[in-house]
Amino acid sequence: MLDYMIMPFKRYFDYQGRSRRMEYWSFFLLNMIVTVVLYGILFGVGGGMEAMMNSDPTDPTAAFGAMFGGVGILILLWALATFIPNIMLNIRRLHDRDMSGWWLLGLIIGSMIPFIGIIVSIAYLVLMFLPGTPGPNRFGPDPKDPSSAEVFS
């Protein structure tokens, strides 16, 4: 499972091919673990709500300084480090469903529309839970196929 967690970092700018559900949800789990640990450290050292409440109320940027000073920088760096791998992984996951990566842009825009965004977000979640198309499709060979040597390359 650890191989699947770090695979999106190995395929940083690779939007071609397919990614299976195991890779997607393992990377999601890695992101959740790291984010929860970093926020736990941030709030544990007193850099969270208390620091924002004690900041100068006349300076609107003081709250951001309190949040992203010290440990908060690590949260920002993690978000920046995983931004592109997240996008590429989502595109490859849609490829596994035999859908174009442009669907991701449509889903992002659709999720910003009030009321419709909830339905779009649920539909996207369902898409990520569905298995990929069996066998090869127009985006490449099946990543579940054990005879495929390109799965962990």
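Residues numbered from 1 in each chain as written. Predicted model: local features only at pLDDT ≥ 70, side-chain atom pairs only at ≥ 80, totals over all residues. Heavy atoms only, no water.

A.B. asks: Now, about the overall build of the chain: what can you tell me, with residues and values included?
C.D. replies: When you go through the chain residue by residue, the secondary structure sums to 7 helices and 0 strands. In sequence order, the secondary structure elements of the chain are arranged as α-α-α-α-α-α-α. Expressed as a percentage of its 153 residues, the buried residues of the chain come to 34%. Summarising the internal contacts of the chain: among those between residues at least 6 apart in sequence, 69% fall at separations of at least 24. (Helix = DSSP H or I, 4+ residues; strand = E, 2+ residues; numbered from the N terminus. Buried < 20%, exposed > 50% of the residue type's maximum accessible area, 1.4 Å probe, protein only. Contact = heavy atoms within 4.5 Å.)

A.B. asks: Let's hear about the packing of helix α1 (residues 2-10) against helix α2 (residues 21-44): which residues, and what values?
C.D. replies: At a closest axis distance of 7 Å, the pairing of α1 and α2 adopts a crossing angle of 90°. In terms of axis orientation, α1 runs roughly perpendicular to α2. Contacts from Tyr4, Met5, Met7, Pro8 and Phe9 in α1 reach Met22, Glu23, Ser26, Phe27, Leu29 and Leu30 in α2. (Axes fitted to C-alpha atoms, helices over the stretch in contact; angles between N-to-C directions. Parallel < 35°, antiparallel > 145°, perpendicular 65-115°, else oblique.)

A.B. asks: So what's going on with the packing of aromatic side chains? Which residues, and what values?
C.D. replies: Per the stated rule, a full pass over the model turns up 6 aromatic pairs. Relative to Trp78, the ring of Phe9 has its centre 6.0 Å away and its plane inclined at 65°; by these criteria the two rings are edge-to-face. With Phe9 in helix α1 and Trp78 in helix α5 (residues 71-96), this residue pair connects regions lying 69 residues apart in the sequence. Relative accessible area serves as the criterion here: at 28%, Phe9 is assigned to the partly exposed category. Both rings, one in Tyr12 and one in Phe13, keep their centres 4.9 Å apart while their planes meet at 70°; by these two values the pair is edge-to-face. Taken together, Tyr24, Trp25, Phe28 and Phe129 form an aromatic cluster joined through their ring pairs. (Phe/Tyr/Trp six-rings, centres within 6.5 Å; stacked < 30°, edge-to-face > 60°.)

A.B. asks: Now, about a nonpolar patch on the surface: what can you tell me, with residues and values included?
C.D. replies: Taken together, the side chains of Met1, Met22, Leu29, Ile33, Val37, Ile41 and Val45 make up a nonpolar region of the molecular surface, amounting to roughly 620 Å² of accessible area. With respect to the helices and strands, the residue Ile41 is situated in helix α2. Overall, Ile41 belongs to the partly exposed group, its relative accessible area being 40%. (Patch = residues over 30% accessible without salt bridge, like charges linked within 9 Å, V, L, I, M, F, W, Y side chains within 5 Å. Areas by Shrake-Rupley, 256 points an atom, 1.4 Å probe, with all protein chains shown as cover. Salt bridge = Lys/Arg side-chain N within 4 Å of Asp/Glu carboxyl O.)

A.B. asks: Kindly report on the nonpolar core, identifying the contributing residues and their values.
C.D. replies: Buried together is how nonpolar side chains tend to be arranged in soluble globular proteins. Counting residues in hydrophobic clusters, the biggest one holds 14 residues, and the most contacted among them are Tyr24, Leu94, Leu104, Leu107, Tyr124, Leu127 and Met128. Looking at this core, the elements that each hand over two or more residues are α2, α5, α6 (102-111) and α7 (116-129). Dropping the residues within four chain positions of it, Leu104 is found in contact with Ile87, Asn90, Ile91, Leu94 and Tyr124. (Core = buried A, V, L, I, M, F, W, Y, C linked by side-chain atoms within 4.5 Å.)

A.B. asks: Before we move on, can you summarise the side chain of Arg92 with the specific residues and values?
C.D. replies: The residue Arg92 is located in helix α5 in this model. A polar atom in the side chain of Arg92 sits 3.4 Å from the backbone oxygen of Arg11. In this structure, Arg92 is in contact with Pro8, Arg11, Asp14, Tyr15, Gln16, Gly17, Arg18, Ser19 and Glu23, ignoring residues within four places of it in sequence. (Polar contact = N/O pair within 3.5 Å; in protein donor to acceptor, adjacent residues only side chain to side chain.)

A.B. asks: Explain the pattern of salt bridges to me, using residue names and the numbers behind them.
C.D. replies: Opposite charge on two side chains lets them pair, provided their charged atoms get close. In total, this model carries 7 salt bridges according to the counting rule given. Residue Asp96 pairs with Arg18 through a salt bridge whose shortest N-O separation is 2.8 Å. Here Asp96, found in helix α5, pairs with Arg18, found in the loop between α1 and α2; they are 78 residues apart in sequence, far enough to count as distant. The two residues Asp96 and Arg18 agree in class, both being buried. Connected through salt bridges with shared partners, the residues Arg11, Asp14, Glu23 and Arg92 form a single ionic network.

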